[in-house]
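One letter stands for each residue in the lines below.
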Amino acid sequence: MSNLSEALSFSGQIAFVTGAGQGVGRQTALTLAAHGARVVVNDYFDERAQVVTAEIKSAGGKALALAGDVTNYEGMQAAFAHAAETLGAAPTILVNNAGNAGATDSLSDLAPFWETGPDEWQRWFGTNLYGVLNCCRAAVPGMIEAQQGRIITVVSDAGRVGEPHLAVYSGAKAGAAGFMRGLAKAVGRYGITANCVALGGVATPGVQDMIDNEDAVKQMLKHYVIRRLGQPDDAANMIVFLASAAASWVTGQTYPVNGGYSFAV
Ligand SMILES: NC(=O)c1ccc[n+]([C@@H]2O[C@H](COP(=O)([O-])OP(=O)(O)OC[C@H]3O[C@@H](n4cnc5c(N)ncnc54)[C@H](O)[C@@H]3O)[C@@H](O)[C@H]2O)c1
């Protein structure tokens, strides 16, 4: 497909976006819908999923709110089955966006790794790694049947270069990226691509505490070539590109979208 506008049309396609009730996931859902996709808006919190779904519909788009916890294997199997039944076909685009500290925990008050234990580690691995496995497991059979698919997992530069206060999160995100590389090799023959977008600091409700600390933001931005925080659409634009027909020869990769915080070679 040589025309980029045509390649960025998602007309007739169904996208499932996790954690789409706010932040990067919300913007991704809005952008996919604006380009013609029918979007399944997943979030742990039903109210958030409903608000974004209403936003999409009032802009003339098509969306289905589907609350659910990505860490729940059976719940995600049921969510994908429900989406396929309601919309008449299985989603062929999956955006694994739900992340950070999970739905009910905060990114603040982080203890050093050596003062934490398995209960603390689970919240990071639950959403950032097992949530990705659960959703891919639920989505891939439908994609194989359709002989087409796009999987985009939102990771973090923490998973590429490490963050000292977020060591377990760094490991969970690196695990998700490693999983996506393996999955990419397994599903390429069915016309499915699998990639990651590794974000630097993006201004979202999930990191509001950090944004409110002006000194901390100033210190942080000294390490960014482009001296501003990312915005949700900085992330969504790359995710949507990878979800599009324009990216059919791109798979197994992790793309930093990070204002130059780190460089990929
Ligand atoms: N914001 C940043 O600075 C930043 C930086 C690097 C990576 N990331 C990654 O980008 C992605 C989006 O981040 P954000 O800042 O937009 O998030 P956010 O915290 O603002 O919003 C995430 C949404 O996901 C939902 N969610 C969380 N756990 C869930 C679960 N188990 N099941 C279903 N829904 C769940 C939450 O309810 C919330 O509405 C995450 O994967 C995050 O790890 C963010």
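A brief report on the enclosed structure follows. Model, not experiment: these values are computed from the prediction.

Within the structure, the ligand sits among 34 residues, and Asp43, Asn97, Asn100, Tyr169 and Thr204 are positioned closest to it. In this structure, a nitrogen atom belonging to the ligand sits 3.1 Å away from a main-chain N or O atom of Tyr44. Measuring from a nitrogen atom of the ligand, one finds a side-chain N or O atom of Thr127 at 3.2 Å. Protein chains bury 96% of the 840 Å² of accessible surface belonging to the ligand in isolation. Listing elements by their share of the shell around the ligand, those giving two or more residues are α2 (23-34), β2 (38-43), α5 (118-146), β5 (149-156) and α7 (167-187). Here the shell around the ligand gets 3 residues from one element, more than from any other, and that element is β5.

The 7 strands lie next to each other as β3-β2-β1-β4-β5-β6-β7, forming an open sheet whose pairing is parallel. Among the strands making up the open sheet, the edge pair consists of β3 (62-67) and β7 (254-257). For this sheet the average axis-to-axis angle between neighbouring strands, irrespective of direction, equals 20 degrees. With 4 bridges joining them, strand β6 (residues 192-199) and β7 adopt parallel strand pairing.

The subject of this paragraph is the side chain of Ser170. By the element assignment, Ser170 lies in helix α7. By relative accessible area, which is 8% here, Ser170 ends up buried. A polar contact is formed between the side chain of Ser170 and the backbone oxygen of Ala158, at a distance of 3.2 Å. In contact with Ser170, not counting residues within four places along its chain, are Ala158, Gly159, Gly162 and Glu163.

A separate point is the packing of α2 against helix α3 (residues 46-58). With their axes 10 Å apart at the nearest point, α2 and α3 run at an angle of 25 degrees to one another. One element, α2, and the other, α3, form an angle in the roughly parallel class. Between α2 and α3 the crossing geometry is right-handed. Counting all contacts with α2, which are made through Arg26, Ala29, Leu30 and Ala33, the residues of α3 involved are Val52, Glu55 and Ile56. Residues that form the contact of α2 with α3 fall into these classes: 5 nonpolar, no polar and 2 charged.

The next subject is the pattern of salt bridges. Counting across every chain of the model gives 4 salt bridges. With a closest N to O distance of 2.9 Å, Glu120 and Arg123 form a salt bridge. Of this pair, Glu120 and Arg123 both sit in helix α5, separated by 3 residues, roughly a single helical turn. A residue is classified by how much of its surface remains accessible, and Arg123, at 18% relative accessible area, is buried. Taking the shortest distance from any N to any O, the salt bridge between Arg228 and Asp234 comes out at 2.8 Å. By relative accessible area, Asp234 is classed as partly exposed at 25%.

Time to look at the packing of aromatic side chains. Counted by the stated rule, this structure contains 5 aromatic pairs. When the centroid spacing of 5.3 Å and the interplanar angle of 20 degrees are considered together, the rings of Phe113 and Trp121 count as stacked.

Calculation criteria
Residues numbered from 1 in each chain as written. Predicted model: local features only at pLDDT ≥ 70, side-chain atom pairs only at ≥ 80, totals over all residues. Heavy atoms only, no water. Near = heavy atom within 4 Å. Polar contact = N/O pair within 3.5 Å; in protein donor to acceptor, adjacent residues only side chain to side chain. Areas by Shrake-Rupley, 256 points an atom, 1.4 Å probe, with all protein chains shown as cover. Helix = DSSP H or I, 4+ residues; strand = E, 2+ residues; numbered from the N terminus. Pairing = 2+ DSSP bridges. Axes fitted to C-alpha atoms, helices over the stretch in contact; angles between N-to-C directions. Buried < 20%, exposed > 50% of the residue type's maximum accessible area, 1.4 Å probe, protein only. Contact = heavy atoms within 4.5 Å. Parallel < 35°, antiparallel > 145°, perpendicular 65-115°, else oblique. Left-handed = near helix turned anticlockwise from the far one by under 90°. Nonpolar A, V, L, I, M, F, W, Y, C, P; charged D, E, K, R; others polar. Salt bridge = Lys/Arg side-chain N within 4 Å of Asp/Glu carboxyl O. Phe/Tyr/Trp six-rings, centres within 6.5 Å; stacked < 30°, edge-to-face > 60°.

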